[in-house]
Amino acid sequence: TILNKKINSVVKSKLIGNRMIQYNKFIYNSKNIIFVNIHLSPGENKQDKRLKEIKEIVDFCSEEDIIILAGDFNDTPDSNVATYLKNNDFKSCVSEFAGEDLCTFPSNNPIKCIDFVWVKGKNVNVKNALIFGSHKATDHKGIKVQLKIK
């Protein structure tokens with residue numbers, strides 16, 4: 001969810017492989033921004049499939065000044081997906097703010113970090129990032145991020 005009264009945009013969807021993403025494009029501080037909600041393929045043996053999915057998503061977003069990818073990546077901070085994103089100038093907002101990625105799954109006793117907010121772009125700073133939520137609402141903890149975009 002994007003909260004800012006200055007932003008007026010419509011959420012759209014797109015099929016990437018066999019996974020649906022939700023995204024919205026908007027302009028903020030004269031920057032073309034895309035926010036993408038992701039749920040990459042689950043399963044221990046699906047690392048190659050997730051890498052292919054994230055490459056397609058990043059390619060879809062490549063025209064924008066700032067890219068924000070958020071959701072269930074079903075992969076850890078040391079995965080091929082995370083390495084690909086880091087090698088392509090994305091930064092994990094939680095790691096940037098807290099100094100490390102924090103566990104989000106399962107929500108009743110988090111032992112794995114598989115949910116992220118990644119950002120790429122110039123003049124974007126992470127002002128705050130935190131994990132929140134209850135196992136009564138979902139099986140994953142949520143991530144709340146505040147960005148400063150100059």
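Up top is the structure.
As the structure is a computational prediction, the values presented were derived from the model and not from experiment.

Undergrad: Even after reading the chapter, I still don't get the pattern of salt bridges, so can you show me in this structure?
TA: Enumeration according to the criterion identifies three salt bridges in this entry. Residues E44 and K112 are paired through a salt bridge, measuring 3.6 Å at the closest nitrogen-oxygen approach. You can see E44 sitting in the loop between β3 (31-39) and α1 (47-61) and its partner K112 sitting in the loop between α3 (93-98) and β6 (115-120), a full 68 residues away along the chain. We classify E44 as exposed; its relative accessible area is 62%. Its relative accessible area of 30% is what places K112 among the partly exposed residues. Close ionic contact of D75 with R50 constitutes a salt bridge, the shortest N to O distance being 2.8 Å. A residue pair is termed long-range when its members are at least 10 positions apart, and D75 in the loop between β4 (66-72) and α2 (80-87) and R50 in helix α1 qualify at 25 residues. The burial state of D75 is the same as that of R50; both residues are buried.

Undergrad: Honestly, the sheet that holds β6 in this entry has me stumped. Any pointers?
TA: The strands that make up a sheet are held in pairs by hydrogen bonds between backbone atoms, and each pair lies either parallel or antiparallel. Read across the open sheet, the six strands follow the order β1-β2-β3-β4-β6-β5; overall the sheet is mixed. Since the sheet does not close on itself, it has two edges, and those belong to β1 (12-16) and β5 (91-92), each with one partner. As paired elements, strand β2 (residues 19-28) and β3 share seven bridges and run antiparallel to each other. Residue pairing in the sheet places Q22 in a bridge with N37 of β3. The strands touched by α1 are β1, β2, β3 and β4; relative to β3, the strand with the most contacts, the crossing angle is about 160 degrees.

Undergrad: Please explain the packing of α1 against α2 as it appears in this structure.
TA: If you want to describe how two helices pack, look at the angle between their axes and the distance between the axes. Close contact between α1 and α2 brings their axes to 9 Å; oriented N to C, the two are set at 30 degrees. The orientation of α1 relative to α2 falls into the category roughly parallel. In this structure, α1 crosses over α2, and the sense of that crossing is right-handed. Across the interface between the two elements, R50, L51, I54, K55 and V58 of α1 pack against N80, V81, Y84 and L85 of α2. Looking at the contact of α1 with α2 residue by residue, the classes come out as six nonpolar, one polar and two charged.

Undergrad: Sorry, what's going on with the nonpolar core here?
TA: In globular proteins that are soluble, nonpolar side chains generally tend to be buried together. Ranked by internal contacts, the top residues of the largest apolar core, which has 23 residues, are V36, I54, I57, L69, F73 and L85. Contributing elements (two or more residues each) for this core: β2, β3, α1, β4, α2 and β6. Top element by residues in this core is α1. It accounts for five residues. Sequence-distant contacts of I57, that is, excluding residues within four places in its chain, are made with I16, I21, V36, I38, L40 and L69. Counting 17 residues, the second-largest nonpolar core is a separate cluster that includes F26, F35, V94 and V119.

Rules of the game
Residues numbered from 1 in each chain as written. Predicted model: local features only at pLDDT ≥ 70, side-chain atom pairs only at ≥ 80, totals over all residues. Heavy atoms only, no water. Salt bridge = Lys/Arg side-chain N within 4 Å of Asp/Glu carboxyl O. Helix = DSSP H or I, 4+ residues; strand = E, 2+ residues; numbered from the N terminus. Buried < 20%, exposed > 50% of the residue type's maximum accessible area, 1.4 Å probe, protein only. Pairing = 2+ DSSP bridges. Contact = heavy atoms within 4.5 Å. Axes fitted to C-alpha atoms, helices over the stretch in contact; angles between N-to-C directions. Parallel < 35°, antiparallel > 145°, perpendicular 65-115°, else oblique. Left-handed = near helix turned anticlockwise from the far one by under 90°. Nonpolar A, V, L, I, M, F, W, Y, C, P; charged D, E, K, R; others polar. Core = buried A, V, L, I, M, F, W, Y, C linked by side-chain atoms within 4.5 Å.

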